[in-house]
Amino acid sequence: MGPAIVWFRRDLRTGDLPTLSAVAGDEVLGLFVLDEALLRPSGASRRDFLYGCLTALDEELGGRLCVVRGDPKVVVPQVARDIGAGEVHVSADFGPYGRARDDAVAREVDLVSTGSPYAVAPGRVTKADGAPYRVFTPYFGRWLDHGWRAPADTSARTVSWLDPGLSIRVPIPRTGSVSRERAGERAALARWAEFRDDDLAGYDTGRDRPDLDRTSRMSVYLKYGCIHPRTMLSDLAGQSGTGSVAFRRQLAWRDFYADVLHHRPDTARRNYDPRFDALRYDSGPDAESAWSAWCAGRTGYPIVDAGMRQLLAEGWMHNRVRMIVASFLLKDLHLPWWRGARYFMRHLVDGDLASNQHGWQWTAGSGTDAAPYFRVFNPISQGQKFDPDGDYVRRWVPELRGIAGARVHTLAGGRPDGYPDPIVDHGIERREALARYGELKRG
Ligand code: FAD
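Residues numbered from 1 in each chain as written. Predicted model: local features only at pLDDT ≥ 70, side-chain atom pairs only at ≥ 80, totals over all residues.

Undergrad: It is not clear to me how the site of the ligand should be interpreted in this structure. Could you clarify?
TA: The immediate surroundings of the ligand are formed by 26 residues, with Thr-215, Ser-216, Ser-219, Asn-356 and Gly-359 found nearest. Counting residues per element, the ones that place at least two in the shell around the ligand are α9 (219–223), α11 (242–263), α14 (319–332) and α16 (353–364). (Near = placed C-beta within 6 Å. Helix = DSSP H or I, 4+ residues; strand = E, 2+ residues; numbered from the N terminus.)

Undergrad: I tried to follow the nonpolar core on my own but got confused; where do I start?
TA: Nonpolar side chains in soluble globular proteins generally cluster together in the buried interior. Ranked by internal contacts, the top residues of the largest apolar core, which has 109 residues, are Ile-5, Val-6, Leu-31 and Cys-53. Excluding residues that lie within four positions of it along the chain, Leu-31 makes contacts with Ile-5, Val-6, Trp-7, Phe-8, Cys-66 and Val-79. (Core = buried A, V, L, I, M, F, W, Y, C linked by C-beta atoms within 7 Å. Buried ≥ 20, exposed ≤ 12 C-beta atoms within 10 Å, placed from the backbone. Contact = placed C-beta atoms within 7 Å.)

Undergrad: Please explain unusual backbone geometry as it appears in this structure.
TA: The bulk of non-glycine residues show a negative phi, and the bulk of peptide bonds are trans. Even without a glycine there, the phi angle at Asp-213 is positive, about 55°. Mapped onto the elements, Asp-213 comes out in the loop between α8 (203–206) and α9. C-beta crowding within 10 Å serves as the criterion here: with 13 such atoms nearby, Asp-213 is assigned to the partly exposed category. For His-334, which is not glycine, the phi torsion reads 60° and is therefore positive. Take His-334: there are 19 C-beta atoms within 10 Å of it, and that puts it in the partly exposed class.

Undergrad: How do you make sense of the packing of helix α6 (residues 136–146) against α11 when you look at a structure like this?
TA: Two numbers describe a pair of packed helices, the interaxial angle and the distance between the axes. Packing of α6 against α11 leaves a shortest axis separation of 10 Å and a crossing angle of 105°. Considering the angle they form, α6 stands roughly perpendicular to α11. When α6 is examined against α11, the residues Phe-136, Tyr-139, Phe-140 and Trp-143 are found in contact with a partner set consisting of Arg-249, Ala-252, Trp-253, Asp-255 and Phe-256. (Axes fitted to C-alpha atoms, helices over the stretch in contact; angles between N-to-C directions. Parallel < 35°, antiparallel > 145°, perpendicular 65-115°, else oblique.)

Undergrad: In this structure, what is going on with the packing of helix α15 (residues 337–347) against α16? I would like to understand it.
TA: Interaxial distance between α15 and α16 falls to 9 Å at its minimum, and their mutual angle equals 145°. For the crossing formed where α15 meets α16, the hand is right-handed. Of α16, the residues touching α15 (which contributes Trp-337, Gly-340, Ala-341, Phe-344 and Met-345) are Asn-356, Gln-357, Trp-360, Gln-361 and Ala-364. Looking at the contact of α15 with α16, its residues break down into six nonpolar, four polar and no charged. (Left-handed = near helix turned anticlockwise from the far one by under 90°. Nonpolar A, V, L, I, M, F, W, Y, C, P; charged D, E, K, R; others polar.)

Pasting the structure below:
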């Protein structure tokens, strides 16, 4: 029957790895494919983090992770032929690109799919009539009822990782960029333990405060499967504290958006709600210069600029601030959500198609369970409410470090040299956004 291949994708770990449990024999080749179709939209921070995760995985496999470069439809069957492999084991990918790729690979090799990157895989939670949910709260109720498997104990699964010396094997690449997060499975488990012990209890109250930085920052590890969500959920089992309950709910959002994208793959690029196709957007030189100011964190709105600069510096942004900067792009600058989503996907280390596109569509009002279209975040009052002492803004906007307390949001005493005037008037643009949205609702 020959050795098996475990083809790693979004499961860069060895613990709790159902694909490994599914392998019958003892000889296994661990394979990762550097696929340009997935690398191209990623910025340097995400690629760097990925390469760090691959390096960590390679160490776990005794230096035997076989990394190849190319189109998986070509190189996976080639590696399977070269080593005379029987089966190629994967964990399921539910994204539009991943599904098409896997269908093509399965025509060439015996592709065995076990598990997924989600606690509850897309398609599993449905209404009584089998239809998918489009509203989160009832989905969440059914998700809790559905439950998830206990983590797979793969520590007892000893296999011999092969190093067949394939000529197409390439070294794990490195970029020069620095990611704040340390990569890989051990780092993921350590970060999870730290968050669980220090910040989980206060998560429900602290999670909305970017200045406190008390969220888990597990998104980057979940992105590449350095940890599986069920490992976290099993640690939370039986806990009824408000922090644990709130955290479980956030993990369910991740599954919900994967489910939505699974049922509506077109919504990676298009409005979930087609009525929004008629929304008017700005274009021309002024719109382009507003876009550039937003990207660079130079809009003159302190919390927006702090968020955009955190994104460029860390490849991560706090969830509350993601919503504020997204609202600003859509409703103050009147630019389309997919443009902001593409920029986020380039810069976020945790960039995830389902959570990102639907996080944007939620803010735009065009998605499932979306924010009502008339909700337009006021960037100044959002700053005052969620960064009450201004610490978050001062951390990311050095020009404003000399301004004490919450005045950093209003800049009531004047703007320091070098910090821009507001590029738009929020009051005017809010009315404009409501007028444009109003045209849709009447149409
Ligand atoms: P925590 O608050 O500690 O939450 C724990 C985990 O729950 C997260 O790691 C994440 O897996 C999940 N989660 C939390 N909130 C959400 C949510 N709203 N939607 C889906 N899952 C959630 N998340 C991504 O993982 N990748 C993205 O590309 C992404 N893009 C976003 C774009 C926009 C415009 C918005 C509004 C949200 C986006 N999110 C995205 C969701 C959320 O902002 C991040 O998951 C969160 O900030 C990650 O930080 P954390 O791990 O500290 O979160």
